[in-house]
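Secondary and tertiary structure notes
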Amino acid sequence: MTSFPNEQLPAMASPAELRALIEGRRAVRRFTPEAVADDVIRDCLELAVLAPNSCNLQPWSFQVIRDPGLLARLHPVCMGQNAARAPLIIAVLARPDTWRQACRNVIDYWPEAEVPARIRSFYSKTAPFQYNQGPLGLLGLFKRQLVRLLGLRKALMRTPNSRADMRLWAVKSTALAAENLMLAFHSHGYATCPMEGFDEVRLRRVLEIPRQAIPIMLLAVGRQGEKGVYNPRLRFPLEQQVTWL
Ligand SMILES: Cc1cc2nc3c(=O)[nH]c(=O)nc-3n(C[C@H](O)[C@H](O)[C@H](O)COP(=O)(O)O)c2cc1C
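Attention here is on the structure that accompanies the text. (Residues numbered from 1 in each chain as written. Predicted model: local features only at pLDDT ≥ 70, side-chain atom pairs only at ≥ 80, totals over all residues. Heavy atoms only, no water.)

**Looking at the nonpolar core**
This is how the line gets drawn: Each nonpolar core is a collection of buried residues, namely Ala, Val, Leu, Ile, Met, Phe, Trp, Tyr and Cys, held together in the definition by side-chain atoms within 4.5 Å. The cut-offs for exposure are 20% and 50% of the maximum accessible area for each residue type, with area from a 1.4 Å probe on protein chains only; residues under the lower value are buried, those over the upper are exposed, and the others partly exposed. To qualify as a helix, a DSSP run of H or I must reach at least 4 residues; to qualify as a strand, a run of E must reach at least 2; elements of each kind are numbered from the N terminus.
Counting 35 residues, the largest nonpolar core has V36, L57, I90, Y123, L181 and F185 as its most contacted members. Looking at this core, the elements that each hand over two or more residues are α2 (38-48), β2 (88-94), α4 (99-108), α5 (117-131), α7 (163-187) and β4 (214-222). Sorting elements by how many residues they give to this core places α7 first, with eight residues. Core analysis: the second largest hydrophobic core is formed by 25 residues, V28, A84, C193 and I209 among them.

**Overview of the environment of Q58**
Along the chain, Q58 turns up in the loop between α2 and β1 (60-65). Sequence separation between Q58 and G140 is 82 residues, and the spatial gap between their C-alpha atoms is 21 Å.

**Observations regarding the site of the ligand**
Selection rule: Think of it this way: one heavy atom of a residue within 4 Å of a molecule or strand is enough to make that residue near it. Two N or O atoms count as a polar contact when they lie within 3.5 Å, although within protein this holds only if one can serve as hydrogen donor and the other as acceptor, and sequence-adjacent residues are included solely when both atoms are side-chain atoms. Note on areas: Shrake-Rupley, 1.4 Å probe, and residue coverage restricted to the protein chains presented here. Each residue gets one of three labels, nonpolar for Ala, Val, Leu, Ile, Met, Phe, Trp, Tyr, Cys and Pro, charged for Asp, Glu, Lys and Arg, and polar for the others, Gly among them.
The local shell around the ligand consists of R25, R26, A27, R29, Q81, C193, P194, M195, E196, G197, R233 and R235. A distance of 2.8 Å is found between a nitrogen atom of the ligand and a side-chain nitrogen or oxygen belonging to Q81. Between the ligand and G197 there is a distance of 2.9 Å, counted from an oxygen atom to a backbone nitrogen or oxygen. Contact with the protein chains removes 68% of the 630 Å² of surface that the ligand exposes when unbound. Within the shell around the ligand, the residues separate by chemical class into four nonpolar, two polar and six charged.

**Some points on the packing of aromatic side chains**
The criterion, for reference: In summary, the pairing rule links any two rings of Phe, Tyr or Trp, Trp by its six-membered ring, whose centres are within 6.5 Å, and it sorts them by plane angle into stacked for under 30 degrees, edge-to-face for over 60 and tilted for everything else.
Within this structure, the stated rule accounts for two aromatic pairs. Seen in terms of ring centroids, F122 and Y123 are 4.9 Å apart; in terms of plane orientation they differ by 80°. Their pairing is edge-to-face. Exposure remark for F122: the relative accessible area of 25% places this residue in the partly exposed category. The exposure class assigned to Y123 is buried, which follows from its relative accessible area of 10%. An angle of 40° between the planes, with centres 4.7 Å apart, marks the rings of Y131 and W169 as tilted.

**What about unusual backbone geometry?**
Here T159 and P160 are connected by a cis peptide whose omega angle stands at 0°. Positionally, P160 belongs in the loop between α6 (138-150) and α7. Phi at N56 takes a positive value of approximately 55°, unusual for a residue other than glycine. Relative to the helices and strands, N56 resides in the loop between α2 and β1. Unlike most non-glycine residues, K227 shows phi in positive territory, near 50°. Tracing the chain through its elements places K227 in the loop between β4 and α9 (238-241).

Just geometry here; none of it tells us what the structure is for.
This is the structure we're talking about:
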């Protein structure tokens, strides 16, 4: 495997700095009307898409909603919740449907003059086979039977082999990007609230979301308003959730 000495990790945040950033983020439900500058939004989106993601196919997209008229239409779609009065809302969409273009993108945007043969082969043959579920998901059905058989003899990756698998596949990576996005805004002094409390049917209509895209959350963003945090921080004891093996 080639190594990239010039891509060694640059100066890292200290554990204490990272802890402060993560601990400082809270779900904020009241914002001031101050707009969020476009260059801050762009910086945060650039960090969002640095999230680790499956096969580097980056199965996400974002709609940045700043238009006051559109924001006003979103408020009732979010069932009138306070957080949806933010001056900025970003719709975070998982995209199980963009893998074909993404496979081409990896080759087109490869950051070296020559695309290595193993990369070209993976993204032009292996990945398209892996992610294609065929018309009505029939190829997925066939692949499920195939891996069941082949899996008797050796360890195999068994998903994604259905449209439901594809949705889960895209949502996993997109949720990581959403967390990056929240932390990035927090680092700029802006508060956020992830929201899944919305009417998906109305949301799709208002934002003209492509049919196969999955709105996994709306991210409300702005300067924290008075009494913006409703409750003290609560997390369950780690012992309930962690198994040490
Ligand atoms: C996927 C997701 C959906 C959420 N939806 C809403 C929502 O619709 N409205 C809201 O006020 N908070 C929402 N939240 C925020 C959570 O309630 C909040 O993160 C949780 O209570 C923990 O609080 P903390 O983020 O301040 O630690 C959501 C969080 C996530 C991750």
